[in-house]
Amino acid sequence: MRTGVYVCHCGTNIAGTIDVHALIGYAGSLPGVALAREYKYMCSDPGQELIRQDICDYKLDRVVVAACSPHLHEKTFRQAVEQAGLNPFYCHMVNLREHDSWVHADKPAATEKAMDLVRAAVRRVKWHVPLERRQVPVHAEVLVVGGGIAGIDAALTLANAGKHVYLVEREPTIGGHMAQFDKTFPTLDCAACILTPKMTAVKAHRNITLWTYSEVRQVEGYVGNYSVTVRRKPRYVIEKLCVGCLECIQACVYKQAKVPDPFNLGLSKRKPVYIPFPQAVPQVVAIDPETCIEFKSGKCKKTCVEVCAERNAIDFKQQAEIQTIQVGAIILATGFDVFDGARIPYYGYGLYPNVYTALEIERLVNASGPTGGEVVLRDGRKPASVGIVHCVGSRDLHTNRYCSRVCCMYSLKLAHLIKEKTGADVYNFYIDIRAPGKAFEEFYNRVAEEGVVFVRGKAADVYPAGNGDGRLIVQAEDTLLGMIRKIPVDMVVLATGLEPRADANDVRRLFNIGCSGDGFFLERHPKLAPVNTFADGIFLAGCCQGPKDIPDTVAQSGAAAAQALALIDAGVVELEPNTAHVLEDACSGCKTCLPLCPYSAISFVEEKKARINEVLCKGCGTCVAACPSGSIRQNLFEDEEIFEEIDGLLASAAVGGGPVRIQGDL
Amino acid sequence: MKALRAFWFRPEMRRKMKFQREADPEWAQQVAQRPGCEGLFSCLQCGTCSGTCPLSIYMDFAPRRIIGLVREGFREDALGCQTIWLCASCYACAVHCPRQIRITDVMYSLKREALQYKLYPRRFPIPVLAQEFYGIVSDRGRSSEFWLVLRMALHSNPLQLLTLIGTGWRLFRTGRLSLHKEQIEHVKELQAELAGRRGT
C-alpha cells in the first residue's frame, strides 16, 4: 500500500490552529504512508498538480487529503486523482477545518485530534475499492411550483429555451402577490403593467402547460427522473370551454356580492362565482362550493348555467383530477405569507378599524381595488394624517428575528402614493431605513423631500385619542430628538413583514429539502449555490428561500432556470456510486428493510429476496444498519472501512497503546 | 428687571461631548454579565422601551439612552442619573423589547451599584428613601412610617417638611400616623444574621 497524505493550510484557517508540520511528520510515520506533504491551498491548481505529479512519481495507490469539508472539495480532489490515472474513489478526505481547526482553540489538543483523524483516514482508505459512477438519462421537462412572478419568470425562461414546463399554481390564477400590488418601488412602475404581459405570455406559450388551482401531491424519483403527482382541484368550470365572458357572474342569483374577496383581503365582496381580478390568467371563472347555493342546498335556479347554455362550461359535478408527470428538474417558487398584524396586540390591528396592513393599503391605492383607487378610511373619509409603522413582525425576537428586506422600501412607496392621492401628512416610524438597492437611496431622498416625516423610533403603542375624535395616537420615542412623541393620525399602516408559507414545512417534506432556522427553504450554499437545494435537481426561486424584492426575485428565478436548464440540457446525470446492494445469498427475505427505505428503492423479488434499485438508492445507509443478517452492504461504507476507521480514530485512546478491538461481526 | 434676571440667572453651559478616555468598556462588559443584564449589546436603539415607559417623559435619560450609556461604558452618567430611580418596575419595556433585553433588571443592577458607590444624585428623594428604608428595617426589623418620612425629608429636602406639617397633623389626629417606633421581638438575631450576610 502506498498512501499519500496531503495536508492543506487553508491559509490560516487550518494552519492557524493545527501544527501542520508536526501533523505531516506524524502522518509520514504511519504504516503504508509513502509520503506526507503540506501546502498552503491544496484546492488550488498547483495543489492539485502536486497530487497528480506525486501519483505518477511515487506510484501512489491511495490518497488522503486533510483539508476542508468534502462537501466543498471532494469533487475537486477525486477529479485530480482520476486525472492521474487512479480510480477517484481511492481518494478520501479528512475534514480538518470544520471538524477541528474552526471549532477548537487549544493548539496542541487540536493537533492531536488532527493526528487521530488522519490516522483513521489512512487506515480506512486502504480498504477502498474501485467504483464506477453510473449515468442515467434525464427527462427534459421541468416542473415549476408556484405561479407568482418568480415561477412565471422561471417558466418563461425555460420555455423560451425550448424546454417543456409544467407550471402548477394553487390559486385559480397566476400572478401571486405581485398582482395585488399597485406600484413597484423605486421606479413606480405599475405592477400590473409589467406583470400581466408575462402572465399572458405564459398562457400563450406552446411550451408551457399551465395548471392553476392545482397542488403537487406526491414527488418520487431522483435527479433527472422525478415522477410528480398533481391534483387539479375542481373549479366547477370546464377550463377549455370557458371564454371568460363573465356573464355567469352577472347572472348569479346573488344580486349583490356577499362573500369577502380574499384577493382584496376582505376589503370588498365577491359572488360565489368569481374571477380573482380582471387580468387573471387563465380568464376562467371558478365557483366557490363553500358559498354557492347550488352546493349548499341543491335548489339554486342556476341562472349561471342558463346564461352559459351555449358553451355549457359550468359543471357542478366536476371532480378533482390527478395527473402524473415525469420531469427532470423542479423549481420551487412557492412565495411567502404576509405577517398577521393581529399578532402584535399593542398596534390594535383588528381592534381599531383604521389600522391597516400595508397589503390592504396596496389594494386601496390600486385602481382596480375595492375603492377604485381612493385611499379612504372605513367610513369613507379621506385621512388627513397617516402613520406608517415599520418593522411589524420583523427584527423582533417575539415574532421574526430577520429583517424582511422589502418593508422599508414599500413603506416609502406607500408614503409617496398616499401623499400623492390624499395630501395627508405621512409619518414613518422606523428603526433603520434600509434602502441599499439600485436607485433606492435616491427614492428615499425624493420621498423625504416631498415632506414625508421620518420619526426614528419603533412605534411603541397605538391607542384611540382621548378626545373621542376617532383619531389614533401613535406613541414612539423620537430617538433623534430624545423625546417621546404622541402623534395623532387618522390611519395607521402596519408595514408587515414576510413569513414562510404556513405549509412550508409540509412542502419541504414533500420535496425532501431543508428549511433554515427562520422557516424559509434552505439553499445549498448561501453564497455559491443560492438557488440549489440539498436535493439534486430541485431549485429555489423567489421568497420561498427568504424575503426579497421583485428585482432580486426575478434575478433568482433566472438563475434557477439556468441551473435547471444546465441539468436537463446535458441529457444525462451521473449518479454517485455510494449505493447499497444486497448479498442475495445471505438475504433471508425478512423484509425488515422494505418499509424503512425513505426512497422506496427496495423491492421484494420472486426468489424471496430483497433487491435494491441502485438508481433510486441515495446511499442513506438505513437498510444497511437495519439488516439483521448483515447482508446489505454499501459502497464506500463497507464494514471493513467503517470499523478500520473507528479503530484508527480510537487507537490513541486504547489502554496500553494497543488498538481497541471493536466487537462486531465483520 | 429683565436685565437684572439675565445677569443673575445666566444659563449654565454644559459640555455635551464625551472623550473616549471617560468611557469604561470593561465596566460595560461586566454589567452585561450580571444576571438579567444579558443581551445589552444586542440593543437596536429602537426606542420601544422609552415609548412604552409611563415615566420616560420625566426622565433625564429615557431607558433607551441608559442602555446606550451602559453599552458605551459611561459609568458615571448611567449611575448618577435620575432615570434608574424613576423606574416604577412595571416591566412594560422588558415585555415589548424586540431584543428581549430585561431593561427593568438592568435598572435594578444600576441602582444597586449606584447605592454601593454612593453615585446616586444627592438629595434625590427616591434613593434616599431606599437607603433610609433599608436602614430602619435592618435596625428594627420593621418600618415605622413617621420616622421613615422624617429621615427621608431631612436627607433630601428638609424645607419640604414645612409643607408636610398640615397633612402630617391630620394623619396623626385620625390615628393614621404613629410616633411609635415599631420593632420585632428578636431584633438582635436579625442584626446578627444581616451582619453575617454582609460579611460573606
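Remember, predicted model here, so these are calculated numbers, not experimental data.

(A) Summary view of the overall build of chain A. Secondary structure assignment for chain A yields 17 helices and 34 strands. Dimensions of chain A along its principal axes, counting C-alpha atoms only, are 85 × 70 × 40 Å. Looking at chain A residue by residue over its 666 residues, the buried ones come to 44%. The contacts in chain A between residues at least 6 apart in sequence include a share of 69% that link residues at least 24 apart.

(B) Focus on the overall build of chain B. In terms of helices and strands, chain B carries twelve helices and zero strands. Along the chain direction, N to C, the helices and strands of chain B fall in the order α-α-α-α-α-α-α-α-α-α-α-α. For chain B, the C-alpha radius of gyration of 21 Å lies well beyond 16 Å, the compact-globule estimate for 200 residues. Taken over the C-alpha atoms alone, chain B extends approximately 60 × 55 × 30 Å along its principal axes. Burial status across chain B gives 25% buried among its 200 residues.

(C) Just the nonpolar core, in detail. One finds A:Val144, A:Ala155, A:Ile331, A:Val389, A:Val493 and A:Leu494 to be the most contacted residues of the largest nonpolar core, which totals 129 residues. Core analysis: the next-biggest nonpolar cluster, separate from the first, contains 42 residues, A:Tyr6, A:Cys10, A:Ala36 and A:Leu96 among them.

(D) Representation of the packing of helix α11 (residues 358–365) of chain A against helix α12 (residues 407–422) of chain A in the model. Residue and element names in this part refer to chain A. Running from N to C, α11 and α12 cross one another at 40 degrees; their axes reach a closest spacing of 11 Å. With respect to each other, α11 and α12 are oriented oblique. Crossing of α11 over α12 shows left-handed handedness. Residues Ala358, Ile361 and Val365 of α11 form the contact with α12, whose participating residues are Tyr410, Ser411, Leu414, Leu417 and Lys421. Residues of the contact of α11 with α12, tallied by class, amount to six nonpolar, one polar and one charged.

(E) Structural view of the domain arrangement of chain A. With domains assigned, chain A is organised as domain 1 (3–133), domain 2 (134–233 + 320–335 + 501–573), domain 3 (247–307), domain 4 (341–499) and domain 5 (580–634). Each partner contributes to the interface: domain 3 of chain A provides six residues, whereas domain 4 of chain A provides six residues.

(F) Fine view of the domain arrangement of chain B. Along its sequence, chain B is carved into domain 1 (21–116) and domain 2 (125–199). Computed from C-alpha atoms alone, the centre-to-centre distance between domain 1 of chain B and domain 2 of chain B is 29 Å.

(G) Structural context of the sheet that holds strand β18 (residues 329–332) of chain A. Residue and element names in this part refer to chain A. Strand order in this open sheet of five strands is β10-β7-β6-β18-β29, and the pairing throughout is parallel. Two strands close off the open sheet at either side, each with one partner strand: β10 (208–211) and β29 (538–540). Looking at each pair of strands side by side, their axes are set apart by 20 degrees on average, direction ignored. Contacts from helix α15 (residues 550–569) reach β6 (142–145), β18 and β29, with the element oriented near 170 degrees to β18.

(H) Structural detail: the sheet that holds strand β27 (residues 491–496) of chain A. Residues and elements named next belong to chain A. If you walk across this open sheet you meet the five strands as β20-β27-β21-β22-β23, and the pairing is parallel. Across the chains shown, the open sheet's two edge strands, defined by having one partner strand only, are β20 (355–357) and β23 (453–456). On average, each strand axis in the sheet is inclined to that of its neighbour by 25 degrees, with strand direction left out of account. Here strand β22 (residues 425–430) pairs with β23 via four bridges, running parallel. Bridged to Tyr427 within β23 is Val453. Across the sheet, α12 lies against β21 (385–392), β22 and β27, angled at about 170 degrees from β21, the strand it touches most.

(I) Main features of helix α5 (residues 107–125) of chain A. An ideal rise of 1.5 Å per residue puts 27 Å on 19 residues; α5(A) measures up with 27 Å between its terminal C-alpha atoms. Counting buried positions over the 19 residues of α5(A) gives 14, a clear majority of the element.

(J) Layout of the interface of chain B and chain A. Between chain B and chain A, the residue contacts involve 17 residues of the former and 15 residues of the latter. Counting only elements with at least two residues in the side of chain B that touches chain A, the list comes to α3 (48–52) and α4 (63–72) of chain B. Counting residues per element, the side of chain B that touches chain A draws most heavily on α3(B), at four residues. Broken down by class, the residue content of the side of chain B that touches chain A amounts to five nonpolar, nine polar and three charged.

(K) The arrangement of unusual backbone geometry in detail. Residues and elements named next belong to chain A. With an omega of -10 degrees, the peptide bond between Phe185 and Pro186 qualifies as cis. Within the secondary structure, Pro186 sits in the loop between β8 (183–184) and β9 (189–190). Put simply, Val281 and Pro282 share a cis peptide bond, and its omega is 0 degrees. Tracing the backbone through its elements, the reader meets Pro282 in the loop between β15 (273–274) and β16 (286–287). Positive phi, normally seen in glycine, also occurs at Ala439, with a value near 65 degrees.

(L) Seen up close, the packing of α5(A) against helix α17 (residues 639–650) of chain A. Residue and element names in this part refer to chain A. It is at 7 Å that the axes of α5 and α17 come closest, and there the two elements cross at 150 degrees. As far as their axial angle goes, α17 and α5 are roughly antiparallel. You can see that α5 and α17 cross each other, and the crossing is right-handed. Counted together, Asp116, Arg119, Ala120, Val122, Arg123 and Arg124 of α5 and Glu641, Glu644, Glu645, Asp647, Gly648 and Leu649 of α17 form the full contact between these two elements. Among the residues making up the contact of α5 with α17, the classes are represented as three nonpolar, one polar and eight charged.

(M) Region of the structure containing α4(B). Residues and elements named next belong to chain B. Counting buried positions over the ten residues of α4 gives eight, a clear majority of the element. For α4, the set of buried residues is Pro63, Arg64, Arg65, Ile66, Ile67, Leu69, Val70 and Arg71. Among the residues trailing α4, Gly73 stands out with phi positive, at a value near 85 degrees.

(N) Seen up close, the environment of B:Tyr117. Within the secondary structure, B:Tyr117 is located in the loop between α8 (103–116) and α9 (125–140). A C-alpha to C-alpha distance of 22 Å links B:Tyr117 and B:Ala88, two positions 29 residues apart in sequence.

(O) Quick look at the environment of A:Thr303. Residue and element names in this part refer to chain A. Assignment of secondary structure puts Thr303 in helix α10 (residues 303–307). Sequence separation of Thr303 and Cys248 is 55 residues, and the distance between their C-alpha atoms is 7.5 Å. Not counting the four nearest positions on each side in its chain, Thr303 is found in contact with Ala251, Cys252 and Val253.

(P) Summary view of the environment of A:Lys255. Residues and elements named next belong to chain A. Examined against the element boundaries, Lys255 turns out to sit in the loop between α8 (247–251) and β13 (259–260). Here Lys255 falls in the exposed class, since 7 other C-beta atoms lie within 10 Å of it. It is 8.6 Å that separates the C-alpha atoms of Lys255 and Lys271, two residues lying 16 residues apart in sequence.

Rules and cut-offs
For every chain, the first residue of the written sequence is number 1, and numbering continues from 1 onward in sequence order. Both sets of labels track the order of writing: A upward for chains, 1 upward for ligands. Totals for whole chains, interfaces and linings use every residue, but because this is a predicted model, local features are given only for residues with pLDDT of at least 70 and side-chain atom pairs only at 80 or more, for both listing and counting. In this text, helices come from DSSP runs of H or I with a minimum length of four residues, and strands from runs of E with a minimum of two, each type numbered from the N-terminal end. Field definition: a residue is buried when 20 or more other C-beta atoms are found within 10 Å of its C-beta, exposed when 12 or fewer are, and partly exposed for counts in between, with C-beta atoms placed from the backbone. Throughout, a pair of residues is in contact if the C-beta atoms placed from their backbones lie within 7 Å. The globule rule is 2.2 Å times the number of residues to the power 0.38, and the radius of gyration it is compared with is taken over C-alpha atoms. Buried Ala, Val, Leu, Ile, Met, Phe, Trp, Tyr and Cys residues whose C-beta atoms connect them within 7 Å together make up a nonpolar core. Orientation is described by lines fitted to C-alpha atoms, with helices fitted over the stretch in contact, and by angles between N-to-C directions that extend from 0 to 180 degrees. Angles below 35 degrees are treated as roughly parallel, those above 145 as roughly antiparallel, those between 65 and 115 as roughly perpendicular, and all remaining angles as oblique. Left-handed describes a crossing whose near helix is turned anticlockwise from the far helix through less than a right angle; right-handed describes the clockwise counterpart. Residues are grouped as follows: nonpolar covers Ala, Val, Leu, Ile, Met, Phe, Trp, Tyr, Cys and Pro; charged covers Asp, Glu, Lys and Arg; every other residue, Gly included, is treated as polar. Bear in mind that the domain bounds are from an automatic or database domain assignment. Strands qualify as paired when DSSP identifies two bridges or more between them. The span you would expect from a helix comes to 1.5 Å times its residue count less one.

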